[in-house]
Amino acid sequence: MKKLTFSAIAALAVAAVIAPAAAQDFPKNNITMVVPFAAGGPTDIVGRIVGEHMSKTLGKPVIIENVVGAGGTTGSIRAMRAQNDGHTIVMGHMGTHAAAPFLYPNLAYKPDADFETIGLAAGTPVLIVTRKDIPAKDLKEFVVWAKEKNDKANMAHAGVGSVSFTTCLLLNSILGTKPTQIPFNGTGPALNALVGSQVDYMCDQVVNLVPHVTGGTIKALAVGTPERNPALPDVPTSKEAGLPAFQAVAWNALFAPKGTPKAVVDKLADALDKALDDPAVRKRLLDLGSDIPDKKGRGPAALTALVKSEMERWAPVLKGTTIN
Ligand code: ASP
């Protein structure tokens, strides 16, 4: 074995002392949680709910920074390039951290290589929702309407690569339709347009939909899960509604820039874990229809495995997709 020089040994010793010390004083400053979509959408809502509780555990405020654009990839790039000391993290999702690379061939990051995984924050079933005055009372009638309208129908989404984009891509391919696509900076603003009947339909994560569905400002035609959602028990599953091929569940999860020290990542993961155990946080997430990961679905290792399996799932689906 090659002999280590004195200075190399000294450098190693210093590094060994500094690493845990960095974690011990972490966090020194406020933590920025980049939300790569507009305020008021699912990613923003999940980020604010868990971030508020994480700040109590970490003893420093977790500040949300909405960095929008390009289906969430702009904000994810901003987080990927941030100082890797744990003070900048990103609330990614199934789009930004699994599907997007297959739609942007030159994407500046690889979800599975350029981030440290902190943990899954919430599972988010996807619903097909329409403006309230669409001339279709259920999914079967909507299918007839959408085929008849084809490119005259307007579908809202949160940018190429977002959850609303990819899951409605699935819906449209099942129906064989090519609607006009209207991009927004997130499904918060897209939902406002749906409520105002400026667009016809979208596919979105349940989290920002529940009060609108129960209040009748939009119509929910189906949820893309095998079981009904406890927060919206009257909405049929896609199978019950006659479109079993539409299976769509998304997720939101926290990531840190690559090279963030493990001890710091562990502190962030622990704060997320505590947030997900808190009764008030759980109630808020469950009332919005999301699924809270159980203990084995939490933390860095489980999220690393999820990103890998989700990238494997989306690669063949999106390969060769042309964006109209
Ligand atoms: N739910 C959105 C999406 O379609 C993004 C958001 O606003 O959270 O990806």
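Structure's up top.
The following paragraphs examine the structure supplied in this document. This structure is a prediction, so every number in the text was calculated from the model and none was measured.

**Thoughts on the site of the ligand**
Reasoning step 1: Every one of the 13 residues lining the ligand counts as a neighbour, but Thr 43, His 93, Val 163, Ser 164 and Gln 205 are closest to it.
Reasoning step 2: One of the side-chain nitrogen or oxygen atoms of His 93 is found 2.6 Å away from an oxygen atom of the ligand.
Reasoning step 3: Between the ligand and Val 163 there is a distance of 2.9 Å, counted from an oxygen atom to a backbone nitrogen or oxygen.
Reasoning step 4: Relative to its free-state accessible area of 270 Å², the ligand is covered by the protein chains to the extent of 100%.
Reasoning step 5: The site holding the ligand turns out to be the largest cavity.
Reasoning step 6: Broken down by secondary-structure element, the contributors of at least two residues to the shell around the ligand are α2 (42-58), α6 (163-175) and β7 (201-205).
Reasoning step 7: For the shell around the ligand, the per-class residue count stands at four nonpolar, eight polar and one charged.

**A closer look at the nonpolar core**
Reasoning step 1: Of all hydrophobic cores here, the largest spans 51 residues; its most connected members are Met 54, Leu 127 and Leu 268.
Reasoning step 2: The dominant element in this core, judged by the number of residues it contributes, is helix α9 (residues 262-277), at eight residues.
Reasoning step 3: Those residues within four positions of Met 54 in sequence are excluded, and the remaining contacts are Val 62, Leu 254, Leu 268, Ala 271, Leu 272 and Ala 275.
Reasoning step 4: In terms of nonpolar packing, the next biggest core, distinct from the first, is built from 49 residues, Ala 146, Val 163, Ala 250 and Ala 253 among them.

About the cut-offs
- Residues numbered from 1 in each chain as written.
- Predicted model: local features only at pLDDT ≥ 70, side-chain atom pairs only at ≥ 80, totals over all residues.
- Heavy atoms only, no water.
- Near = heavy atom within 4 Å.
- Polar contact = N/O pair within 3.5 Å; in protein donor to acceptor, adjacent residues only side chain to side chain.
- Areas by Shrake-Rupley, 256 points an atom, 1.4 Å probe, with all protein chains shown as cover.
- 1 Å grid on protein atoms, 1.4 Å probe; cavity = no way out; pocket = protein on both sides within 12 Å on 5 of 7 lines; lining within 4 Å.
- Sits in = over half its atoms within 2 Å of the grid points.
- Helix = DSSP H or I, 4+ residues; strand = E, 2+ residues; numbered from the N terminus.
- Nonpolar A, V, L, I, M, F, W, Y, C, P; charged D, E, K, R; others polar.
- Core = buried A, V, L, I, M, F, W, Y, C linked by side-chain atoms within 4.5 Å.
- Buried < 20%, exposed > 50% of the residue type's maximum accessible area, 1.4 Å probe, protein only.
- Contact = heavy atoms within 4.5 Å.

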